[in-house]
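Here is how the chains run, residue by residue.
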Amino acid sequence: MEGGGGEELAVGCVLSLRTTLGDEIEGQIVAYDRPSNILVIQEGSSNAGARRNIRLLKANYIQDFTYLKKAEDPLDLNKCYIDLAGLQAREEASLRQAEIEAERIGVGVTSEAQSLFDALSKTLPVRWDKTVIVVMNEVRVSIPYLPENVTGGTPAANDRVKKVLEFERKRLQARGPGQF
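Since the model is a prediction, treat every value here as computed from it, not as a measurement.

Conventions used here
Residues numbered from 1 in each chain as written. Predicted model: local features only at pLDDT ≥ 70, side-chain atom pairs only at ≥ 80, totals over all residues. Heavy atoms only, no water. Pairing = 2+ DSSP bridges. Helix = DSSP H or I, 4+ residues; strand = E, 2+ residues; numbered from the N terminus. Axes fitted to C-alpha atoms, helices over the stretch in contact; angles between N-to-C directions. Parallel < 35°, antiparallel > 145°, perpendicular 65-115°, else oblique. Left-handed = near helix turned anticlockwise from the far one by under 90°. Contact = heavy atoms within 4.5 Å. Nonpolar A, V, L, I, M, F, W, Y, C, P; charged D, E, K, R; others polar. Expected span 1.5 Å × (residues − 1). Buried < 20%, exposed > 50% of the residue type's maximum accessible area, 1.4 Å probe, protein only. Arc of directions from axis to C-beta. pLDDT = per-residue confidence, 0-100.

To continue, consider the sheet that holds strand β5 (residues 62–70). With antiparallel pairing, 5 strands are arranged side by side in an open sheet as β4-β3-β2-β1-β5. At either end of the open sheet lies a strand with only one pairing partner, and these are β4 (53–58) and β5. Each strand of the sheet is rotated relative to its neighbour by a mean of 40 degrees, with strand direction disregarded. Note: strand β1 (residues 13–19) against strand β2 (residues 24–33), 5 bridges, orientation antiparallel. Following the sheet pairing, Ser 16 is matched in β2 by Glu 26.

Where helix α2 (residues 111–121) contacts helix α3 (residues 155–175), the two axes come as close as 10 Å, and the packing angle between them is 130 degrees. As the angle between them shows, α2 and α3 are arranged oblique. Seen from above, α2 lies across α3 with right-handed handedness. For the pair α2 and α3, the contacting residues are Glu 112, Ser 115, Leu 116, Ala 119 and Leu 120 in the first and Val 161, Val 164, Leu 165, Glu 168, Arg 169 and Leu 172 in the second. Each residue belonging to the contact of α2 with α3 can be placed in one class, and the counts come to 7 nonpolar, 1 polar and 3 charged.

The next thing to look at is α3. End to end, α3 covers 30 Å across 21 residues, agreeing with the expected 30 Å (1.5 Å per residue, within 8%). If you check which residues of α3 are buried, you get Ala 157, Asn 158, Val 161, Val 164, Leu 165, Glu 168, Arg 169 and Leu 172. Along the axis of α3, the buried residues cluster in a sector spanning 135 degrees; they form a single face. Facing away from the buried side of α3, by more than 90 degrees, are the exposed residues Pro 155, Ala 156, Lys 163, Phe 167, Lys 170, Gln 173 and Ala 174. Elements in contact with the buried residues of α3: α2, β7 (132–135), β8 (139–141) and β9 (150–151).

Our next topic: the sheet that holds β7. If you trace the 4 strands from one edge of the open sheet to the other, you get β6-β7-β8-β9, paired in antiparallel fashion. Unpaired on one side and paired on the other, β6 (126–129) and β9 mark the two borders of the sheet. Judged from the 2 bridges that link them, β8 and β9 form a sheet pairing that is antiparallel. For Val 141, the partnering residue across the bridge sits in β9 and is Val 150. Sitting on the sheet, α2 is in contact with β6 and β7, with an inclination near 145 degrees to β6.

This next bit is on the side chain of Glu 168. Relative to the helices and strands, Glu 168 resides in helix α3. Residue classification places Glu 168 among the buried residues on the basis of a relative accessible area of 5%. Residues in contact with Glu 168, not counting those within four places in the same chain, are Ser 115, Leu 116 and Ala 119.

Note that predicted coordinates carrying low pLDDT should not be read in detail. When the pLDDT values of the chain are averaged, the result is 85; 84% of them are 70 or greater. Predicted confidence for residues 1–7 stays below pLDDT 50, and this span has 10 contacts to residues more than four positions away or in other chains.

Attention now moves to the environment of Asp 73. Examined against the element boundaries, Asp 73 turns out to sit in the loop between β5 and α1 (84–103). Put simply, Asp 73 and Ile 29 are 44 residues apart on the chain and 9.4 Å apart in space, counted from C-alpha to C-alpha.

So, in structure tokens, the structure goes:
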């Protein structure tokens, strides 16, 4: 869109538009921020409870648009439907996922140790116990994370962990120092 852009794009209008990248979007304008020149468009059904997408679009990326109709105020609180139970479930799932990911990051370990942990985690269940890598809840790999530092577990499990450590150490050395 050329020029100021937002004057003819009033909140509540339903538009069909094409971006300069060729995307075709149909939705209702929820807001327009003049300083940033960003248009907030709600896509999807206006039925209560229906899922909708919100797009933030720089107005200067709009190649052309067609005014379809004037709809009701999209920000009318009496007609907005928010699935609080669904939002809480998504929040809880996101928090659980963030906790799982945080547990995979070693505290007080080198980047090399983290790289070895990440390599082991691709094929085996692993966790940190302070600075010790625990594999399959039985095999322990202590600092400096060499094959001879592998203890506990069955001989087959030890051999598997040692093999992965040796391979990953060779791969890290081939990358060069400091590039973990």
